[in-house]
Amino acid sequence: MSIDPRVVKEELIQIYPKKLRQKRSEQIVVTEHREDGSVPEIKANVRSSPGIITQRGCTYAGCKGVVIGPSRDILSLVHGPIGCSFYAWLTRRNQTRPDGPDAQNFINYCLSTDMQEENIVFGGEKKLKVAVREAYHLFHPKAIAIFSTCPVGLIGDDVHAVAREMKEELGINVFGFSCEGYRGVSQSAGHHIANNGLFKHIIGLVETPHEEKFKVNLLGEYNIGGDGFVLEDLLKRCGITQISTFSGNSTYETMANSHTADLNIVMCHRSINYVAEMMEKRFGIPWMKVNFIGATASAKSLRRIGEYFEDDGLKARIEEVIAEEMAKVEAVQAVVKARCQGKTAMLFVGGSRAHHYQQLFTEIGIKTIVAGYEFGHRDDYEGRKILPGLKVDADSKNIEEITVVPDPERYRARRTPEQFARLEAMTELEFRDYVGMMPEMDADTLVVDDLSHHETERLLEIYRPDIFCAGIKEKYGVQKMGIPCKQLHSYDYGGPYAGFRGAINFFKDIDRMVNMKIWSYVNPPWASPAKQPEEVAAD
Ligand code: CFM
């Protein structure tokens, strides 16, 4: 069945009022690969329209939940109504593994100032100070992070002043985030605010040099469903030392010492490219984009690290590990591919996975027919090369831009200009770059930014994909239409899906989902004409 994506696009938006129709028509794009290497422009990172049911989350979610939350020994204290805390409590499956039974781990806790009307009227700073002291006396953490929710910005509580005062009084690191939910158009603004905080208040505070030769930080890996554990093991077996992860399975100390690494490898570009950029400017650590989702992508990423360090021993070890892992992957892949070949998927996730996971699906013969980010920016779709021409949007205007200069004592160029030139001349070893989602998708594929619920339903009716990937808010609506929905945020209860071991898990899980006969029995009440019970039984 061949469906013209341009016709589908018109179909999706025709129900909207004129102004919204215009806006959505710029946010829904049919891919093409032009001769000059460019792809069509997409409107992204703009406010969701009122009345649309969006998949997005808020700025506070991006700051507290996504970037800072996974670090286990920074005590997170939310200044706001209790609902904001409850909603963010253990809802993201970021796992952690403390060094021993006595090591600090605050991930299970949920600390809030529990703001009441009275605090909205008379101010909440006093209550916040009491809460910080109480948190300190209960847990004795090395650092406390204070997160602002919407009302904090509306009434003007100064969380930063409170943090400074408490830092002085308690003698530990206390810092605040102005990450009110409304501050940006999505969680993406929260990532940026969190990145700034990491840079201003943590990175570079500890000086514990490691003697090993190949030292990296893994950025944008949050250990969802144990992904980070798989990658830690993989890097270790190759002989690569991981100084810190931002921020899955990390600690305050490792992040504070992360400037001693010699390379930053970036998994999720959207959520943490700011830290990568700032660390390069201040400390001279280059960064490159990697992708450990998919076996081929994992192998390629490992080889790129090997090339960067220009060490034959390291490269040989990497090849050994790849060969060993690939054999295991290929055995499962062959079986699963035979059962999945030709099936179709739709992916609507965050700001990186809707791209990364296309590769995993390709490895088992499943084609991505429509994809989109919730909150990706134009560079996540079109590639970083469009950055110089990008206008500063309303979102970024609300976020502090930090001026970063080389550290007078600690800046150290990790490679000579000649080495960089040589490395950059090698294909695929590009520094400070991300190609984006669209250049890697087939031409004539539909890309939809900030997908709405109406568009979800229409797309499912039109294309009837074999699997739809999104989050918990979409899952059951989709499944009631007889199409399996894989949560690519939480992995449902599965995972890990990263690295070679993760690919095997993913293949098995997807095989089970797309080949399960149960979906053909779904008889939604709105189906017309509705199937009778005896017809369902006879199916
Ligand atoms: Fe990066 Fe993420 Fe994602 Fe993200 Fe997220 Fe997530 Fe995501 Mo959910 S940091 S952009 S804000 S890869 S929580 S681990 S799955 S939307 S695609």
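Residues numbered from 1 in each chain as written. Predicted model: local features only at pLDDT ≥ 70, side-chain atom pairs only at ≥ 80, totals over all residues. Heavy atoms only, no water.

**Some details on the overall build of the protein chain**
Right, on to step 1. A tally of helices and strands in the protein chain yields 22 helices and 14 strands.
Right, on to step 2. Its C-alpha atoms give the protein chain principal-axis dimensions of roughly 70 × 65 × 50 Å.
Right, on to step 3. Residues classed as buried in the protein chain amount to 57% of the 539 residues present.
Right, on to step 4. Partitioning the contacts of the protein chain with sequence separation of at least 6, the portion at a separation of at least 24 is 76%.
Right, on to step 5. Working note: accessible area of the protein chain is about 23300 Å², and carbon and sulfur atoms make up 54% of it.
Right, on to step 6. When the 66 basic and 74 acidic side-chain charges of the protein chain are each reduced to a single mean position, those positions are 2 Å apart. (Helix = DSSP H or I, 4+ residues; strand = E, 2+ residues; numbered from the N terminus. Buried < 20%, exposed > 50% of the residue type's maximum accessible area, 1.4 Å probe, protein only. Contact = heavy atoms within 4.5 Å. Areas by Shrake-Rupley, 256 points an atom, 1.4 Å probe, with all protein chains shown as cover. Lys, Arg positive; Asp, Glu negative; His and termini not counted. Charge placed at Lys NZ, Arg CZ, Asp CG, Glu CD.)

**Some thoughts on the nonpolar core**
Right, on to step 1. Leu198, Ile265 and Ile305 are the most contacted members of the largest nonpolar core, which totals 110 residues.
Right, on to step 2. With nine residues, the top contributor of residues to this core is helix H14 (residues 312-340).
Right, on to step 3. If you look at the next biggest cluster of nonpolar residues, it comprises 24 residues, including Leu12, Tyr16, Ile483 and Cys485. (Core = buried A, V, L, I, M, F, W, Y, C linked by side-chain atoms within 4.5 Å.)

**Here we look at the site of the ligand**
Right, on to step 1. Taken together, the neighbourhood of the ligand is formed by 14 residues, with Arg92, His191, Cys268, Ser352 and His489 sitting nearest.
Right, on to step 2. A class-by-class count of the residues in the shell around the ligand yields six nonpolar, six polar and two charged. (Near = heavy atom within 4 Å. Nonpolar A, V, L, I, M, F, W, Y, C, P; charged D, E, K, R; others polar.)

**Considering the packing of helix H3 (residues 59-68) against helix H9 (residues 187-201)**
Two quantities define a packed helix pair, namely the angle between the axes and the distance from one axis to the other.
Right, on to step 1. For the pair H3 and H9, interaxial distance at closest approach is 6 Å and the crossing angle is 50°. In terms of orientation, H3 lies oblique with respect to H9. At the point where H3 passes H9, the crossing takes the right-handed sense. Contacts from Thr59, Gly62, Cys63, Val66, Val67 and Ile68 of H3 reach H9 at Gln187, Ala189, Gly190, His191, Ile193, Ala194, Asn195 and Leu198.
Right, on to step 2. Partitioned by chemical class, the residues of the contact of H3 with H9 number eight nonpolar, six polar and no charged. (Axes fitted to C-alpha atoms, helices over the stretch in contact; angles between N-to-C directions. Parallel < 35°, antiparallel > 145°, perpendicular 65-115°, else oblique. Left-handed = near helix turned anticlockwise from the far one by under 90°.)

**What to know about the sheet that holds strand E6 (residues 215-221)**
Right, on to step 1. The strand order E7-E6-E8-E9 describes an open sheet built from four strands, whose pairing is parallel. Because the sheet does not close on itself, it has two edges, and the strands there are strand E7 (241-247) and strand E9 (287-289). Pairwise comparison of adjacent strand axes, ignoring direction, gives a mean angle of 25° for this sheet.
Right, on to step 2. Two strands pair when backbone bridges link them, and strand E8 (residues 263-266) and E9 are joined in this way by three bridges, in the parallel orientation. Within the sheet, the bridge partner assigned to Val266 lies in E9 and is Lys289. (Pairing = 2+ DSSP bridges.)

**Here we look at the sheet that holds strand E10 (residues 344-348)**
Right, on to step 1. An order of E1-E12-E11-E10-E13-E14 is seen for the six strands of this open sheet, with the pairing classed as mixed. Of all strands in the sheet, those bounded by a partner on one side alone are strand E1 (28-30) and strand E14 (485-487). Averaged over all neighbouring strand pairs, the angle between strand axes comes to 20°, with direction disregarded.
Right, on to step 2. Across three bridges, the pairing between strand E13 (residues 467-470) and E14 is parallel. Directly across from Phe468, in E14, lies its bridge partner Cys485.

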